[in-house]
Structures are given as structure tokens and as C-alpha cells.
Amino acid sequence: MKAFAVFPAKHQARLIDHPEPKLTSPTEAKMRVLEVGVCGTDREIVSFQYGDPPEGFDYLVIGHESLSEVIEVGHQVSRVQTGDLVVITVRRPCAHPECIACREGRQDFCYTGDYTERGIKSRHGFMTELVVEEERYLNVVPRALRDIAVLVEPLTIAEKSLEQLAQIQQRLPWATPVEPGQFSTAGRRAVVLGAGPVGLLGAMALRVSGYDVAVYSRSPGGAENNDIVAAIGAKYIAAETHSIEQLASIAGPIDVVYEATGASGFAFEVVQHLGPNAVFIFTGVPGHKAPISVDTDRIMRDMVLNNQAIVGSVNAPPHCFQAAINHLGVFLSRWPTAVRSLITKRFPIEQAMEPLSSGAGGVKNVIAIAS
Ligand code: BGC
Ligand code: ZN
């Protein structure tokens, strides 16, 4: 069957013929892949900066943002049935008995670093026609979300971040509502860094959670990103025309920053403008560049004197996939046009290299494999 793969040692990325997977345990299901989203991680993998083939292979089938349809189930499968739409989680546990995170099914917090990830690290991904997976890694999606469900995986990054934000801000009883809608506005001003898919999906999730949101972006941000931000009732602030001081004066004291750019210099400038009791969440993974200087005395002083927290967050557990599926349904009813316009273009797998080499522009580009 067709698959899109990277050969890191040969510095090649191309369409290949890959063997069809078969069910090997009674708790597995087989899916036909409908769509696969392309993100910055994929672009790094096809430029040979990231990603590892599985043992015994010289190539890695890429793709981790998937939507597929169940076509066959093992006889002990009970959570899904043929015809269900599913989104598959990305990370699989390490094998070390002492890794309590992986043993508890929380490989998103793996201690050893020996986890694997489908389409990224030592496991083939989803940019192919058929895939097999254990049912515990499958998350059923309602048919009504068919058009946009490929956004579930990038939204899980925000879901895990927001869960940790809520846990940290339990230290501020007024910022964490007991009843939805009951919180005060203190502690509810969020800035999203970056207007790519992870940033915009994060902005939507923050809006639904009741935050005032400003999206601060350095990329010239096409008109479509601007429209999406306006449609969800957030403010778009261009970094070209507004300094971080101006951002802070427009947005008010910043309570939360959701970083989705991977630009570390930019992020650390914003860190210096956090308000009291603020939380800064990093989700971007920067490539390695030359060191830059930052005012560490100021950052440390403010962090202590203002009770600030910085937290990094990666990957997501199954309950965050469920939260993302629920939230996408809410986004679709509140902002149908904006959420649909997050998907810019669909490409056949034969043209996968176009969005993978970032020549495609737009917000989220998708490889459409079957309909
Ligand atoms: C994926 C995560 C993954 C991370 C690091 C991201 O693009 O969404 O699932 O853990 O890359 O490999
Ligand atoms: Zn991704």
C-alpha cells in the first residue's frame, strides 16, 4: 500500500510501497486512514532534524495527526466497532518497569525518554492507507465532526496545557470556577503566542473556558488568521506593529501565556511582561540555535516576587483526546466558519511534499487519503 516515508540516513522523503498491517492480537482494530494533518514536527522530520525509524527499518512512515475509520476488529475489542471514526493517540509507553508514568498509562509524562511515538519516534505513523492499533489507543469521534476531526490531535496539546493551568491556578481560588461561568475576571487574561493551528486551537479553547484572549503573532498572519481570531472574540495583535510593552498595555496584566511558536527568544521577551500570579506555558520545540542573552535577574526576581510559574507541556493522554473531541463540537456550534477555515487545503498523498516543505502556506494543511 502507499505510504509517505522519510529515510534519514539517505536524506530522502518520498512515497513508498509499505506492507499492509494485519491484526496480531484480539484487542486490536484495523483502520483505513481518511486524513492526516501536517505540522511543524513533520516538516522537521522530512528535513532530517528529528524523527527515528522503527528498529529494523531504514525508513519511518510519518504522520501523527490522524482521522481514520475502523474496518475490522479483533474478537476481544469492545470499545469500537466497524464504521466508527477514530483519532489515534501518538505516544506509546517505554518498557522500563520503574517508569511509573508509563506503567500508569501516562507516557505523556515518561521519565526515561524511551517512549515511542507513531510517525515520530521508532514507530510508523499514519500517512498511509491502512493502520492497526490496540483499541485502548483509539478515541471515537462523532460523525458530525468528520470534516474537522483531523484537528483533534493538535488540540490535545492545548487540552493538556489547560488541564495543568487549572491545576496550578487552584492556588488562586477566584480564578478557577467551581461552577462554569462563576469566576471573576481576575486571573483570566490570556495571551496566545503564535497564530498557527496550535495557537488558534488554543485560543479557541481558552475562549470557551472564559478567558479574554489576545493572539500575539510575529508571522505576518494572513487575513484568514486575523478573521479567525476576530470570529472567536479574541484580539489579533501583530508583533510587527506592536511591541511587547504595547501588548501588555492592550491586553492588561497577563495572567496566562500559551506559547505555540517554538521561538525561544520571543517567548523569553514575553516572560518579562507577565502579571502577578501568572502562568506561562511552553508548547513549542525550538531547533538548536546560537545562545542569546536574557535578563535572568529580572526574570527570577519577578517570578519570585509575583508568584509566577513556567511550565512546559508535551503530548497528551487519552482523556485529553476526549476533551479535544468535546471542545471541537463546541467550537463547531459556536464558530462554524472559523473552525472549518482552520483547514486550509487538502492534498493527495502523491503531493504530500508540498505542505511538508512548507510551500503550501495557510493554517493547517491536510493529506486526504480516503473519503
Ligand atoms: C506531537 C506530540 C509529540 C511531540 C514530540 C508533537 O508534534 O503532537 O504528540 O509528543 O510532537 O515528538
Ligand atoms: Zn503535530
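Enquirer: Would you take a moment to explain the packing of aromatic side chains for this structure?
Expert: For any two aromatic rings, the description comes down to two numbers: the centre-to-centre distance and the angle of the planes. Scanning the entire structure with this criterion turns up 6 aromatic pairs. Seen in terms of ring centroids, F280 and F282 are 4.8 Å apart; in terms of plane orientation they differ by 50°. Their pairing is tilted. Pair check on accessibility: F280 and F282 agree, each one buried. Each residue in the set F7, F57 and Y59 is aromatic and connected to the rest through ring pairs, giving one cluster. Here R92 stacks its cationic end above the ring of Y137, 3.7 Å away from the centre of that ring. Here the guanidinium or amino end of R218 rests over the ring plane of F266, the centre of that ring lying 5.2 Å away.

Enquirer: What exactly am I supposed to notice about the nonpolar core here?
Expert: Within soluble globular proteins, side chains that are nonpolar generally end up buried alongside one another. Residues M204, L206, V213, L328, F331 and L342 are the most contacted members of the largest nonpolar core, which totals 56 residues. F331 has contacts with L155, L201, M204, A205, V208, P336 and V339, leaving out every residue within four places of it along the chain. Ranked by size, the runner-up nonpolar core spans 28 residues in total, among them V33, V70, V131 and I367.

Enquirer: I'm lost on the packing of helix 3 (residues 152-168) against helix 4 (residues 197-208) in this one. Help?
Expert: Helix-helix packing is described using two parameters, namely the angle between the two axes and the distance between the axes. One can describe the packing of helix 3 onto helix 4 by two numbers: an axis separation of 9 Å at closest approach and a directional angle of 45°. Between helix 3 and helix 4, the angle is such that the two are oblique. When the axes of helix 3 and helix 4 are compared, the crossing they make is right-handed. Here P154, L155, I157, A158, L162 and L165 of helix 3 lie close against helix 4, whose contacting residues are V198, L201, G202, A205 and L206. In terms of residue class, the contact of helix 3 with helix 4 is made up of 10 nonpolar, 1 polar and no charged.

Enquirer: Teacher, can you tell me more about the environment of E354 here?
Expert: Position of E354 among the secondary structure elements: in helix 11 (residues 353-356). Put simply, E354 and L60 are 294 residues apart on the chain and 18 Å apart in space, counted from C-alpha to C-alpha.

Enquirer: Would you take a moment to explain the domain arrangement of the protein for this structure?
Expert: How big an interface is tends to be stated in terms of accessible area lost as the parts join. Taken as a whole, the protein is organised into domain 1 (2-148 + 342-368) and domain 2 (155-312). Distance between the C-alpha centres of domain 1 and domain 2: 29 Å. Residue-level contacts link 8 residues of domain 1 with 11 residues of domain 2. Taking both sides of the interface into account, the surface hidden between domain 1 and domain 2 amounts to around 750 Å²; carbon and sulfur atoms contribute 65%. Together, F109, L342 and V363 form the three largest contributors to the area buried by domain 1 at its contact with domain 2, with a combined 60%. One salt bridge connects K160 with D108, and the closest N-O pair in it is separated by 2.9 Å. Remark: the boundary between domain 1 and domain 2 carries 1 residue pair in polar contact (both at pLDDT 80 or more).

Enquirer: Which parts of the structure should I look at to understand the sheet that holds strand 9 (residues 122-123)?
Expert: Backbone hydrogen bonds are what pair the strands of a sheet, in a parallel or an antiparallel way. The mixed open sheet is built from 3 strands, whose spatial order is 7-8-9. Whereas interior strands pair on both sides, the edge strands pair on one side only; in this sheet they are strand 7 (91-92) and strand 9. In this sheet, strand 8 (residues 116-118) lies alongside strand 7 in antiparallel orientation, the contact comprising 2 bridges. What sits directly across from R92, in strand 8, is T116.

The rules behind the values
- Residues numbered from 1 in each chain as written.
- Chains lettered and ligands numbered in written order.
- Predicted model: local features only at pLDDT ≥ 70, side-chain atom pairs only at ≥ 80, totals over all residues.
- Heavy atoms only, no water.
- Phe/Tyr/Trp six-rings, centres within 6.5 Å; stacked < 30°, edge-to-face > 60°.
- Buried < 20%, exposed > 50% of the residue type's maximum accessible area, 1.4 Å probe, protein only.
- Lys NZ or Arg CZ within 6 Å of the ring centre and 35° of its normal.
- Core = buried A, V, L, I, M, F, W, Y, C linked by side-chain atoms within 4.5 Å.
- Contact = heavy atoms within 4.5 Å.
- Axes fitted to C-alpha atoms, helices over the stretch in contact; angles between N-to-C directions.
- Helix = DSSP H or I, 4+ residues; strand = E, 2+ residues; numbered from the N terminus.
- Parallel < 35°, antiparallel > 145°, perpendicular 65-115°, else oblique.
- Left-handed = near helix turned anticlockwise from the far one by under 90°.
- Nonpolar A, V, L, I, M, F, W, Y, C, P; charged D, E, K, R; others polar.
- Domains from an automatic or database assignment.
- Buried area = accessible area lost by both parts, 1.4 Å probe.
- Salt bridge = Lys/Arg side-chain N within 4 Å of Asp/Glu carboxyl O.
- Polar contact = N/O pair within 3.5 Å; in protein donor to acceptor, adjacent residues only side chain to side chain.
- Pairing = 2+ DSSP bridges.

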